[in-house]
Every structure is written in C-alpha cells, then in structure tokens.
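# Tertiary structure, described
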Amino acid sequence: MEPKRFNPEYDKGLTSEQVNQRILDNLTNVNEQPQTKTIKQIIYSNVFTYFNFLNIFLGAAIIITGLIYNRFFYSLKNCLFMGTIICNTIISTIQEITSKKIIDKLSFLASTKTAVIRNSKKQFIANEEIVLDDVIFLEIGNEVPTDCVILNGKVEANESLLTGEVDPIFKDTGAELLSGSFIVSGSCYAKVNHIGKDNYIAKISKEAKYDKKANSIIMGSFNDLLKILSILIIPIGLLFFINQITITASVYDSVIATVAALIGMIPEGLILLTSSVMAVSVIRLSKYKVLVQQLYCIETLARVNVICLDKTGTITEGKMKVYDTIIEKGHTKKEIDKILSEICVSANDHSATFSALKIAFGNSNSTWKVTDTIPFSSERKFSAVSFENEGAYYLGAPDFILKDDYNKEKEKIENYQEKYRVLLLAKSNEKLSKEPKKIEKLAYILIKDVVRKDAKETLDFFTREGVEVKIISGDNYKTVMSIAKEAGINNIKGIDATTLTDETIAEAALNYNVFGRVTPKQKKQIIKALKKQGKTVAMTGDGINDVLALKEADCSIAMASGTDGARNVSQLVLLNSDFSSIPHIVAEGRRTINNIERSASLLLVKTIFTILLVVLCIILGSKYFFIPIQLTLITTFTIGIPSFILALEPNTDIVKGNFLLKVIGKSVPAALTVVFNVIIVEMFKFAFDLPEDVVSSLVVFLTGITGFIFLYKLCEPFNAFRFALWIVLLTGFSYCAIFQSNFFNIKAINFQIGLIFGVLLICSLYIFDKLNRVIIKLLNKYEIKKLNESNN
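Residues numbered from 1 in each chain as written. Predicted model: local features only at pLDDT ≥ 70, side-chain atom pairs only at ≥ 80, totals over all residues. Heavy atoms only, no water.

We now examine the overall build of the chain. A tally of regular secondary structure across the chain gives 27 helices and 21 strands. Burial status across the chain gives 55% buried among its 792 residues. Partitioning the intrachain contacts of the chain with sequence separation of at least 6 by distance along the chain shows that 71% fall at a separation of at least 24. Here the chain displays about 35400 Å² of accessible surface, and carbon together with sulfur accounts for 58% of that area. The averaged location of the 80 negative side-chain charges in the chain is 4 Å from the averaged location of its 89 positive side-chain charges. (Helix = DSSP H or I, 4+ residues; strand = E, 2+ residues; numbered from the N terminus. Buried < 20%, exposed > 50% of the residue type's maximum accessible area, 1.4 Å probe, protein only. Contact = heavy atoms within 4.5 Å. Areas by Shrake-Rupley, 256 points an atom, 1.4 Å probe, with all protein chains shown as cover. Lys, Arg positive; Asp, Glu negative; His and termini not counted. Charge placed at Lys NZ, Arg CZ, Asp CG, Glu CD.)

Have a look at this one:
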C-alpha cells in the first residue's frame, strides 16, 4: 500500500508531526547495507572455514580410532594441534571485532550530514534520519543522499558513479536528482521521492555507495595458493592413507600418520594471520585519525610509486586570503568593493575562494536585486550573476572569461600568477550566458593559498622513499608552480592542461610533475595513463572535481573537511584533514606487507616440506616420519608463536618484488633442508640399522633446529627483542624435547643420537646457507629481468 504523500513548500518543509508519523511508519532512509560486517558475521567467517572443518574432521578421526583401539589418551595428546587452530580463530576474531568497532566509531565521526528544512528552519541530520517527503537543501560538493525532485533552484549534477557519464547534467525545477550523484554547480531545494532500498543506487548496487574492488596482492596470492591446496589435500590424503595402511597394516597407525601429513600441509595461520595484521593496522591508524574504509588499501598504499596531489586542501590548508585588488582604469575602489560585496551576498558558495572574498568584501546590506545566476563549476572556471538595472557580472579565471581576448592581457596576468591565484571581475550588458560576450574588465583580485607548514617535510618523505609526486590542480599552472616551489617540490616541470588533448595527455602524465588548469576528466585521464604504464597510483583530494580521479586511483585518500563526494569514493579518510598523516599510513602498509611476507614464509615451510615428505614416503614405501604431537611441538615454537609476534613488529622497508615468489623463495631453502635431513636419517637407518624411535627422534630434533636456523635468518638484523624472542623459543623447544620427551614420543638423547644430530646439524647449516644463496641469486635475476622488461 502506497503511503500518503505530503507536499511541503520548499522553504517550510515537513512539520514535526509529519516527521514523527513518517518515523512510526518506518519511512526513513535506512541503509540496509552496513559498512562493516556484523559481529555475528565476523564470528561466522572466522569459525566456519574450510580448513577449520578439515582440522576438526582430522581431530575427530584420531579420537574415534583411539576409542576403537583403546588408545584414547594417546589420541588426545595427538589432537593438541587443535589448540593452535582454536587460538588462531579466537585471536583473529577478537582483533577483527576490535577493528570493526573502531571503524564504526570513526565512520560515525566522518558520516555525512544533510541539510533539511523542517518547521521552516534549516537543520543538519544524518542521512539515515531523512524521511519520505523531507525537503533537503543541496549545494556544490554535496552527494545526493536520496532520489528527489527539485522544488526550487538550478544545479548541475555529476552522475558518473551511476552511469559512467562524466559531463555534468543540468537540472532545473521539477527535474529528478538520483541518489549517488553529486552536485557540481548551483544549489537547490528538493523533495525526497524515494528512501532506503527504493533509491536508485540501492537498486543497481548492493552497496549504499561506490565500492572499489579490493586490489590485494597478498590476499590474491594466498587465495590462489589455498585453492590449489584445498583441491589437492583430500585426494593426497586418501592416497597416503592407502599407502600407509599397506605398509603398517594398522588402521590406527595409518590414521595417525595421515593426520600428521595433512595438518602439515595446511598453512592454518595464513589467512587468519593476514586478517589479524590488517585489523591491527586499522587500530594503529585510528590513533592518527585515519578512517580505513577498505581494509586492503593499506597494502596498496605501501606499494604506491606515484602519488597525485590536488593542491587545495592537501599541500595547502584549503584556506585562502585576498592580498590585493588591481582596479582597471575608469573604475574606483568604492565601486569595485560594492560590486564584489553584492556578488558575495548573492553567492551560495562555501568554497575556499568565496570564503576569502566574503571576508574581504562581504557586506550584509544588499541593495541590488538578483535576476539570474550561473554557479561556479570546475569545467567553466567562473561564476556569474545578473542584477536588475545593473548588468551581468562574471568572476573567475581570466582565460575562461576573456576567451580570445586573453592574449592581450596574458603577460600582465602571468606576472601576477607567479605568486597569486588571479580572479577577473568583469561586466557585460548582454544577457547572462555561459559563453560571456562583450566583456568589460573591472578588476583583478589576487588571492593566495596558505601552504601547510608540514608540507615540505611530507613531500621530502615521498622523495626519500622513491615515490614520485605529481600535483594536478584546476588552478592556473603558473600559480600551481608557485605553490609547488613554496612547498618544496623538486625538479619542477609544469604544463598547462588546456594545451593537452586526449592523445597527448598520456605522454604528459609521465613527463610532467605539475599540472595546472586540469579538468575533472583530465585528472582521471592522468591517473589512467600512469596506471597503464605499470605505476601504482595514489590520489589525494577534497573537492567534487577530484571524485573521478579518486575513483580511478589504486588508492584514494580524502580529507574529512572536503566534499561528501570525495569522502564517499575514497578508501582512506583523514579525519583531521592532516596531509602529514600519509607517511604514517605508508609506514603502516609497509609494516603490514613486509611482516606478512616474513611470517607467511615461516608458515609455508611446513607445507612445502610436508608435501615433499609425503611424496618421498609414497616413492620409498616408508612410514611417515612424524606423529601429530611432534608436529605440534615443532610448529608451535618455530612457526606459530614467532609468525604472529614478528607480524606486529615495526618495519618500514620499501616494498618491492613479487610477493608470492619472495615468500616461497624464502621458504624453500628451509623446507629442502628438512627433506635433506630426513633422507640422510633414513640412509643412516638402513646403513646402521637404527631403531624406529631413534629415527623419529632425530627427525624431530633436526626439523626443529632447521626451523630455528630459518627463524634466525628471518630475524636478521637482530635487535634486543628479536634476539630475546629467538632465545626464549629455542629454550622452550629444547625443554619440551628433552625434559618432556615421553609426552612428545621422543626418545631420550643418548650418545648415538647426539653424535648423529651434531654431524647433521653442521650439514644443515651448510645446506641451508648454500640453498639460500642460490635462491636469492635466482630471485635477483628474475627481478632484474622483469625490471628490464617493464622499462622496455
């Protein structure tokens, strides 16, 4: 049943009684797609995973066969690997819930407010509090929160996020505005036509706002790896079980061996480690007032090698100041001040430029009657207003107002632009038009941006870290060049974007680092051109003219003080609008990637050597070399504990190279060393008729010590914390293996075991070092080859 509709006047809006009725009828603009997962969803996604189910199945298989064969307590201790799974799940869940609460809190602080007219008064409310038939006020920079119909006013709307059309669309009284579009020019009062799930954007997308696909190399690499393992693990398990039962003729022993092999193949902490580290990054970044709207953008920013900055609001404070007014001959200061005062009163523009003009010329005592207006837009570069009996006045970029006559004034204007942004005030007695005609110059207003005090320090950081900085601004390029010099940009090479075509902009994107007079469409083209050349591009901005570029960039960063549009398409929002926070984000991203790379290599060692040992057992017709409780001992001290602790350490090394290749490359030497030791111990077994328990103990000791050799290599260069960690873990492993040997089914050390272990320890050190050198050499050759290919 259709609800009763109200038809409020644009300047009065709904009454309190009507609003309350709408709330009782549940006719509010509720977002049915929350930005973050619910706590229930987080718990579900962490607990009910493929590998968790597989581990539970394996644990159940041990317990059931233990009950059948009266070896329950032996089976119980071989299920201790489940403790690692449970701990991983609990830690990951707690960290993700903590991260969710922080994101929700920061999102609330950064949430968009909409101006509504109620009881004839303007007030600001959350978008979710808007009700059907509310009258909302929209102006330049606002995102349209609901489908609505214009009651009064004229605007230009950008619907690019809905339709892909980048050109603004003119909307007059009676026209419909679609939710998800942005006001790029003008202002209007509009009546809410649809709410919640009935909005246009809700129908075309599950998300309530633009959602950029996560570009995570880490998750992509791990997911590909886990897909392969998840497909192979069951057939390998069945084949290995048949192999073991053929050798041992014991169902129970075969189950134990198969479970040991399969839990060795599962890198159980891989995905949980990644999500936990990312969640911790969100928590850390919240201390710098950074809202992470997409988790894996932290990783992307760490890989960025080009950062594009919109000048206003990033390297400048977003505040401007009028420094001088250059009055043309035949006009007086009093006349110009009056005109500018009337323009300021008539303009419904809260941009930094008009804010500066209102401070310098604002006067509430208006005596002129407005007959028509043309609001400012990033495409036109000027605004205009006509007054009854006074003519039409244009205010904006001289080259866009003067058109063909600009060359006559070019030299003078460019002299001003060495230091200032230049606005031209001009008059025409012709009808107001988007194409000014018969223009009379009245005055030039010189305005200047205020450069942030910490801009140079932040830009120097990017230079040191090998990140190329490009400034792309809608201002005159000479003005932008002046700001770039003041901010400390090195090796400045600037260009006026009005001289560029669709064919030449790609080449210019690579060859220049300061761009002036850039349109929103060109900003997007510059980003696309850089990405096409293999660059990883970040974009910072705060204005509606930055939306297309922010959307296109690999990583987008918006200032909270900017427009709704900029905030809503960005992956990161600087809540304090502090440009100097970006180095902290880059450092956090590097810490995340480098530490996950290091910890993941620990986790994959077990997977690689287990797969190789399973193949070896099948070929040799040998019993498996571990039981689950022994693998639990080894992995706890050489993989589980260090992988999580080291993943949270500071690490600001530059991210480079193929992530998965580097992870596997680091893991292979240790995995092959383990396999080498097992083969040598098997040869000793046949050569000297060693008992099975001695062989098993030697394999456990050598696998453990190989793990510590690898961990030692990963901890270099050592600091006090890493050294203490390594010593504590080695001591813990030694205590359990020597003094709790019965519990772990390890034979007590005697002279025979000690001698063989000593010899193979020396061999392990040598083999690991040689393999590590070979792998590093091969990886370096591969990276050089890929670098040469990309340069060509």
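Looking now at a nonpolar patch on the surface. Together, Ile39, Ile43, Tyr44, Val47, Phe48, Phe53 and Ile56 make up a nonpolar patch on the protein surface, roughly 660 Å² of accessible area in all. Only α2 (39–47) and α3 (50–68) provide two or more residues apiece to the nonpolar patch. If you tally residues by element for the nonpolar patch, the top one is α2, at four residues. By relative accessible area, which is 36% here, isoleucine 39 ends up partly exposed. (Patch = residues over 30% accessible without salt bridge, like charges linked within 9 Å, V, L, I, M, F, W, Y side chains within 5 Å. Salt bridge = Lys/Arg side-chain N within 4 Å of Asp/Glu carboxyl O.)

So, about the sheet that holds strand β17 (residues 494–496). Across the sheet, which stays open at both edges, the eight strands sit in the order β8-β21-β20-β19-β9-β16-β18-β17 with mixed pairing between neighbours. In this open sheet, the two strands that pair with only one neighbour each are β8 (290–292) and β17. Taken pair by pair, the neighbouring strands of this sheet meet at an average axis angle of 20°, ignoring direction. Pairing geometry for strand β19 (residues 537–541) and strand β20 (residues 555–559), over four bridges, is parallel. What sits directly across from alanine 538, in β20, is cysteine 555. Where helix α17 (residues 477–487) meets the sheet, its contacts fall on β16 (468–472), β17 and β18 (514–516), and the angle it forms with β18 comes to roughly 145°. (Pairing = 2+ DSSP bridges. Axes fitted to C-alpha atoms, helices over the stretch in contact; angles between N-to-C directions.)

Turning our attention to the packing of aromatic side chains. Using the criterion set out here, one finds 31 aromatic pairs in the structure. Summarising the aromatic geometry, the rings of phenylalanine 743 and phenylalanine 744 are spaced 5.1 Å apart at their centres and angled 85° between planes, so their arrangement reads as edge-to-face. Residue phenylalanine 744 is classed as buried on the basis of its relative accessible area, which comes to 10%. An aromatic cluster is defined as three or more aromatic residues linked by ring pairs; in this entry it consists of Phe708, Tyr712, Phe718, Phe723, Trp726 and Phe733. Across the ring face of tyrosine 323, the terminal group of lysine 321 is positioned such that the distance to the ring centre comes to 5.4 Å. Taking the ring centre of tyrosine 512 as reference, the NZ or CZ of lysine 493 above it sits at 5.2 Å. (Phe/Tyr/Trp six-rings, centres within 6.5 Å; stacked < 30°, edge-to-face > 60°. Lys NZ or Arg CZ within 6 Å of the ring centre and 35° of its normal.)

Another aspect to go through is the sheet that holds strand β15 (residues 440–451). The six strands lie next to each other as β10-β15-β14-β13-β12-β11, forming an open sheet whose pairing is antiparallel. Each having just a single partner strand, β10 (316–327) and β11 (370–374) make up the two edges of the open sheet. Geometrically, the sheet is characterised by an average inter-axis angle of 20° between neighbouring strands, direction not taken into account. The sheet contact formed by β10 and β15 spans eight bridges and is antiparallel. Of the residues in β15, the one forming a bridge with methionine 320 is aspartate 449. Its contacts with the sheet put helix α12 (residues 333–346) on β10, β11, β12 (382–387), β13 (391–396), β14 (421–428) and β15, and the angle it makes with β12 is roughly 100°.

Further remarks concern the side chain of serine 181. Among the structural elements, serine 181 can be located in the loop between β6 (176–177) and β7 (182–192). Classification of serine 181 by relative accessible area gives buried; the value is 0%. At 2.6 Å, the side chain of serine 181 and the backbone oxygen of leucine 178 are in polar contact. The contact partners of serine 181, leaving out residues within four places of it in the chain, are Asn142, Glu143, Val144, Asn158, Glu159 and Leu162. (Polar contact = N/O pair within 3.5 Å; in protein donor to acceptor, adjacent residues only side chain to side chain.)

Where burial is concerned, most of β12 is hidden: six out of the six residues are buried. Residues Phe382, Ala384 and Ser386 point to one face of β12 and Ser383, Val385 and Phe387 to the other, with burial holding for every one of them. As judged from the four bridges shared by β11 and β12, these two strands associate in the antiparallel manner. Paired with aspartate 372 across the strands is serine 386, a residue of β12. Relative to β13, β12 runs antiparallel, the two sharing six bridges. Counted as the bridge partner of phenylalanine 382 is glycine 396 from β13. Connecting the antiparallel pair β12 and β13 is a turn made up of three residues, with asparagine 389 showing a positive phi of about 65°.

Considering the arrangement of structural elements, one finds glutamate 139 in strand β3 (residues 135–139). With no salt bridge to any partner, buried glutamate 139 finds its closest opposite charge in lysine 122, at an N-O distance of 6.0 Å. If near-sequence neighbours (up to four positions away) are discounted, glutamate 139 is found in contact with Ile183, Gly186, Ser187, Asn348 and His350.

Before going further, it helps to examine the environment of aspartate 693. With respect to the helices, strands and loops of the structure, aspartate 693 is situated in helix α25 (residues 692–715). When the C-alpha positions of aspartate 693 and lysine 713 are compared, they lie 30 Å apart, and in sequence the two are 20 residues distant.

A few words now on unusual backbone geometry. Put simply, glutamate 716 and proline 717 share a cis peptide bond, and its omega is -5°. With respect to the element layout, proline 717 can be found in the loop between α25 and α26 (720–739). Even without glycine at this site, asparagine 26 takes up a positive phi of about 60°. Using a relative accessible area of 63% as the deciding quantity, one classes asparagine 26 as exposed. In this structure, asparagine 389 is a non-glycine residue whose phi angle is positive, near 65°. Looking at the secondary structure, you find asparagine 389 in the loop between β12 and β13.

A separate point is the pattern of salt bridges. Enumeration according to the criterion identifies 37 salt bridges in this entry. For aspartate 475, the salt bridge identified is with arginine 421, shortest N-O distance 2.5 Å. One end of the pair, aspartate 475, is in the loop between β16 and α17; the other, arginine 421, is in strand β14, and 54 residues separate them in sequence. Taken individually, aspartate 475 and arginine 421 each receive the classification buried, so the pair is uniform in this respect.

Between the first and last C-alpha of α12 there are 20 Å, a value that for 14 residues agrees with the 20 Å anticipated at 1.5 Å per step. Buried residues of α12: Ile336, Ile339, Leu340, Ser341, Glu342, Ile343 and Cys344, and no others. Contacts from the buried residues of α12 go to β10, α13 (352–361), β12, β13, β14 and β15. (Expected span 1.5 Å × (residues − 1).)

The next thing to look at is the confidence of the model for the chain. Residues with a pLDDT of 70 or more make up 95% of the chain, whose mean pLDDT is 86. The spread of mean pLDDT over the elements of the chain runs between helix α6 (residues 160–163), the lowest at 68, and β3, the highest at 95. Within the model, the stretch residues 205–211 combines pLDDT values under 50 with 15 contacts to residues more than four positions away or in other chains. (pLDDT = per-residue confidence, 0-100.)

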